[in-house]
Amino acid sequence: MMHTKSLYQEVILDHNRKPRNYGTLEHPSHHAVGHNPLCGDRLDIALALENDRINQIAFQGESCAICKASASMMTAAVKGKSPQDAETLINEFREMAMGKLDPEQPNHLGHLTVFSGIRDLPTRVKCAILPWHTLHAALNSMTGASTETNDDLIQSVSVKTV
Amino acid sequence: MINVAEAVRKPDVPTTPFDLEKIRSDFPILNLKVNGKPLVYLDNAASSQMPQPVIDRLVHYQTAQHANINRAVHYLSEVATLEYHKARCTLQQFVNAREDREIIFTSGTTDAINLVMHGYGRKFIQAGDEIILTTLEHHSNIVPWQMLAKEKGAKIRVVPINDAGELEIDEYRKLFNERTKFVGLIHVSNALGTINPIKEMIAYAHQYDVPVLIDGAQAAPHIVIDVQDLDCDFYTFSAHKLCGPTGVGILYGKAAVLEAMQPFKGGGDMIASVTFEETIYNTIPHKFEAGTPPIAAAIGFGAAIDYLTTIGIKQIAAHESDLLEYATAQIQDIPGVRIIGTAKNKTAVLSFTIEGIHPHDIGTILNQDGVAVRTGHHCAQPVMHRYNVPATSRASFAFYNKKTEVDALMAGIRIVKKVFL
């Protein structure tokens, strides 16, 4: 049985209270808006890519604590990383949220495994994934890669690249 | 023709006093533990739970009475046809319709509204015509009319609400003109619990010869419905909010209006004769019941109505009103909590927000203690926009809820506040 209270751990609550990288960028190279029609959550992610590194990243929007903390920790995790490394994290985070990745096995997620309990709350998985999917969309606005996926969970989160 | 005793409506006078513990013992699901805690089910406006007599009725039907209806001459088909018809008569009595043929079984309220949109709207509403809806409507009474408006070039006019969540009746009156052709009106708001003064609103629309559809999904479980007294042209609700099964609901329509309408779905049972040149449609209600209907669910619906009327809708409403009063008084004492929807006349719905905490986080933490509430926009985004909130948490009480469950909700809200302190 899941332990919801353990999901609302201090680290998640802290990122919810004091979100890192919250705001906008003056000159983003990439930008996307993620939207969860189920709950009306909306997330705006902007990033500046320089020399194949995510040099700056910022997010803002209206969302639940899970989504906001996930976005905050995500921005902290991908800052300074290459888009390729960010994509690895995106994939691992999605897999973890959907219970397809065992956080005990080797991975690159680090502190992000505090979200592993979300897999027991199917209705909340989308909240945690929304920032990651939006980041994926923002990164791919450059290459024109499709954000379509066969994953139902992802499909129900609509993302617009701007 | 099936011989069913003349449907005579029994007055809503309870045969037994209200015995909460006895009632609770009728609902096996209330014994459930969620996360090790007793289930506190406060999401009744979304769907209510089913008592044992209704479960038993479904089992009996499947065990001893099932066959397809209106067709074969064999024993089971006759039994099933009769039981299905009896359910229709039970619903007829429940809403006090003049005739049983004015009751159409649909898959639910949404299906019924879509039936009216296709059957009435597409036939009688033209370019330039106006349809009046209200801010309180559920999406199911908005979207079909938008689809029609787009198709026909018709226009939708919306009745505003005040800060308490009550319709502004003066504004409603001002919306009428010679182009007004239809009114869609929710009886009780699912998001706020507001009970609308539908009788006077229907009477006003009729001064302009405008038919009125009442979405009664949230009203039928709590208010005695008399369609003749209301004089509504259509009234609809779903079984699963009345302790019945999912997948069935009814549309009441005045016989003359239903007869004038075109069919919605084509298929078996809704025809009198078919050739490739021409189809002659069946009479009402069959004209609107194409294909094999949800026979078991309809019979279960009848059993649910029997169960509720034995307790008495007025007794049910009185208990729920006590719970609402108790809950409202308590929640007002919790700092940072805002009640959304404070109409003078409302059902036992408590929609609220907590400052700085998203409703989904509230719902998830309450769930940890077994407390089930609905969080989200409640398929009523125009209401959310009116209050400038993306979503609310909503506790909705049923007659089987008790005051200690209200206490559990309040304790849960205090825990939520502590987590996010």
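Per chain, the residues get numbers from 1 upward, laid out in the order the sequence is written. Each chain is given a letter, starting from A, and each ligand a number, starting from 1, according to the order in which they appear as written. In keeping with the predicted nature of the model, local features appear solely for residues at pLDDT of at least 70, side-chain atom pairs appear and are counted solely at 80 or more, and the whole-chain, interface and lining totals rest on all residues.

**Let's talk about the overall build of chain A**
Selection criterion: By the criteria applied, helices consist of DSSP H or I runs no shorter than four residues and strands consist of E runs no shorter than two, each listed in order from the N terminus. Every C-beta atom is placed from the backbone, and the number of other C-beta atoms within 10 Å of a residue's own sets its class: buried at 20 or more, exposed at 12 or fewer, partly exposed in between. By definition, residue pairs are in contact when their C-beta atoms, positioned from the backbone, come within 7 Å.
If you tally the helices and strands in chain A, you get 6 helices and 4 strands. The secondary structure elements of chain A, listed N-terminal to C-terminal, are α-α-β-β-β-α-α-α-α-β. Looking at chain A as a whole, 45% of its 162 residues are labelled buried. Taking as baseline every contact in chain A between residues at least 6 positions apart, the subset at least 24 positions apart corresponds to 63%.

**Some details on the overall build of chain B**
Rules: The atom set for the radius of gyration is the C-alpha atoms, and the globule formula is 2.2 Å times the number of residues raised to the power 0.38.
Within chain B, the regular secondary structure consists of 14 helices and 17 strands. In terms of C-alpha radius of gyration, chain B reaches 22 Å, essentially the compact-globule figure of 22 Å for 421 residues. Per-residue burial over chain B gives 50% buried out of 421 residues. Of the contacts formed within chain B by residues at least 6 apart in sequence, a portion of 71% connects residues at least 24 apart.

**Things to note about unusual backbone geometry**
All names here are of chain B. Here the bond from I284 into P285 is cis, since omega is 5°, no more than 30 degrees from zero. In this structure, C243 takes a positive phi of about 65° despite not being glycine. By the secondary structure assignment, C243 is in the loop between β9 (234–238) and β10 (249–253).

**With respect to the pairing of strand β11 (residues 271–274) of chain B**
The criterion, for reference: By this definition, two strands are paired if DSSP reports at least two bridges between them.
Sheet topology places β11(B) next to strand β12 (residues 279–281) of chain B; 3 bridges connect them, and they run antiparallel. Residue pairing for β12(B): V274(B) is matched across the bridge by T279(B).

**A closer look at the interface of chain B and chain A**
As a reminder, the rule being used: Under the scheme applied, nonpolar residues are Ala, Val, Leu, Ile, Met, Phe, Trp, Tyr, Cys and Pro; charged residues are Asp, Glu, Lys and Arg; polar residues are all the others, including Gly.
On the chain A side, the residues contacting the 14 residues of chain B number 15 residues. Counting residues per element, the side of chain B that touches chain A draws most heavily on helix α12 (residues 359–368) of chain B, at 6 residues. A per-class count over the side of chain B that touches chain A returns 5 nonpolar, 8 polar and 1 charged.

**Regarding the packing of α12(B) against helix α14 (residues 403–419) of chain B**
Residue and element names in this part refer to chain B. The line we're drawing: Fitted lines through C-alpha atoms give the axes, limited to the stretch in contact for helices. The angle between two N-to-C directions lies from 0 to 180 degrees. Any angle between 65 and 115 degrees counts as roughly perpendicular, while under 35 counts as roughly parallel, over 145 as roughly antiparallel, and the rest as oblique. We call a crossing left-handed when the near helix sits turned anticlockwise from the far one by less than a right angle, and right-handed when that turn is clockwise.
Between α12 and α14, whose axes approach to 9 Å, the crossing angle comes to 120°. What the angle tells us is that α12 and α14 run oblique. In the crossing of α12 with α14, the sense of the turn from one axis to the other is right-handed. Note on element contacts: α14 touches α12 through G412, I415, V416 and V419, opposite I362, I365 and L366.

**Quick notes on the sheet that holds strand β4 (residues 103–106) of chain B**
Residue and element names in this part refer to chain B. Spatially, β4-β10-β9-β8-β7-β5-β6 is the arrangement adopted by the 7 strands of the open sheet, whose pairing is mixed. Bordering the open sheet on either side are β4 and β6 (155–159), each of which pairs with just one other strand. Across the sheet, the axes of successive neighbouring strands diverge by a mean angle of 20°, strand direction being ignored. The pairing of β9 with β10 spans 5 bridges and is antiparallel. Looking at the pairing, F234 lines up with G253 of β10. In the packing of helix α5 (residues 143–152) onto the sheet, the strands contacted are β5 (130–134), β6 and β7 (180–186), and the crossing angle to β6 comes to about 145°.

**Some details on the packing of helix α2 (residues 52–64) of chain B against helix α10 (residues 295–311) of chain B**
Residues and elements named next belong to chain B. Packing of α2 against α10 leaves a shortest axis separation of 9 Å and a crossing angle of 150°. If you check the angle between α2 and α10, you find them roughly antiparallel. At the point where α2 passes α10, the crossing takes the right-handed sense. Between α2 and α10, the residues in contact are P53, V54, R57, L58, Y61 and Q62 and A296, I299, G300, A303, A304 and Y307, respectively.

**Things to note about the nonpolar core**
Most often, soluble globular proteins have nonpolar side chains that are buried together. Defined as follows: Note on terminology: a nonpolar core is any set of buried Ala, Val, Leu, Ile, Met, Phe, Trp, Tyr and Cys residues joined through C-beta atoms within 7 Å.
In this structure, A128(A), L135(A), V116(B), Y252(B), A298(B), A304(B) and L308(B) are the most contacted members of the largest nonpolar core, which totals 162 residues. Tallying contributions element by element places α10(B) first for this core, with 12 residues.

**Some remarks on the pairing of strand β2 (residues 41–50) of chain A**
All names here are of chain A. Of the pairings in the sheet, the one linking strand β1 (residues 30–36) to β2 comprises 7 bridges and is antiparallel in character. Residue pairing in the sheet places H31 in a bridge with A46 of β2. Two successive antiparallel strands, β1 and β2, enclose a turn made up of 4 residues, where G40 displays a positive phi of approximately 80°. Judged from the 9 bridges that link them, β2 and strand β3 (residues 53–62) form a sheet pairing that is antiparallel. Residue pairing across strands places I45 opposite F59, the latter belonging to β3. In textbook terms, the turn of a hairpin is the stretch between consecutive antiparallel strands, and for β2 and β3 this stretch comprises 2 residues, one of which, N51, has a positive phi near 50°.

**Details of helix α3 (residues 65–78) of chain A**
Defined as follows: The span you would expect from a helix comes to 1.5 Å times its residue count less one.
Between its terminal C-alpha atoms α3(A) stretches 20 Å, which fits the 20 Å expected from 14 residues at 1.5 Å a residue. Counting buried positions over the 14 residues of α3(A) gives 13, a clear majority of the element.

**Regarding the sheet that holds strand β16 (residues 374–376) of chain B**
All names here are of chain B. If you trace the 4 strands from one edge of the open sheet to the other, you get β13-β14-β17-β16, paired in antiparallel fashion. Each edge of the sheet is formed by a strand with only one pairing partner; in this case those strands are β13 (337–340) and β16. Strand-to-strand twist in this sheet, taken as the mean axis angle between neighbours without regard to direction, amounts to 30°. Where β16 meets strand β17 (residues 392–396), 3 bridges bridge the pair, whose relative direction is antiparallel. Counterpart to G376 in the pairing with β17 is T392. In this fold helix α11 (residues 313–331) packs onto β13, β14 (349–354) and β17, with an angle of close to 15° to the strand it touches most, β14.

**Quick word on the confidence of the model for chain A**
Residues and elements named next belong to chain A. Note the cut-off: Every residue gets a pLDDT, meaning the predictor's confidence in that residue, from 0 to 100.
On average, residues of chain A score 84 in pLDDT, and 84% of them reach the 70 mark or higher. Mean pLDDT in chain A bottoms out at helix α6 (residues 152–155), which sits at 41, and peaks at α3, which reaches 96. Below pLDDT 50 for its whole length, residues 142–156 participates in 16 contacts with residues either more than four positions away or in separate chains.

**Brief notes about the environment of D100(B)**
Take D100(B): it is sitting in the loop between α3 (75–95) and β4. C-alpha separation for the pair D100(B) and T194(B), spaced 94 residues apart in sequence, amounts to 30 Å.

**Regarding the environment of G341(B)**
All names here are of chain B. Relative to the elements of secondary structure, G341 occurs in the loop between β13 and β14. Using a count of 24 C-beta atoms within 10 Å as the deciding quantity, one classes G341 as buried. A sequence separation of 246 residues divides G341 from V95, and the C-alpha atoms of the two residues are 27 Å apart.

**Structural notes on helix α4 (residues 83–97) of chain A**
Think of an α-helix as turning once every 3.6 residues; residues three or four places apart then point the same way. Residue and element names in this part refer to chain A. Heads up, the condition is: Picture the helix axis, draw a direction to every C-beta atom, and the arc is the one those directions span.
Relative to the 21 Å expected for 15 residues at 1.5 Å per residue, α4 spans 21 Å between its end C-alpha atoms, a close match to the ideal helical length. If you check which residues of α4 are buried, you get P83, A86, L89, I90, F93, R94, M96 and A97. Projection of α4 onto a plane perpendicular to its axis shows the buried side chains occupying an angular sector of 160°, all on one side. In the core, the buried residues of α4 are packed alongside β2, β3, α3 and α5 (122–140).

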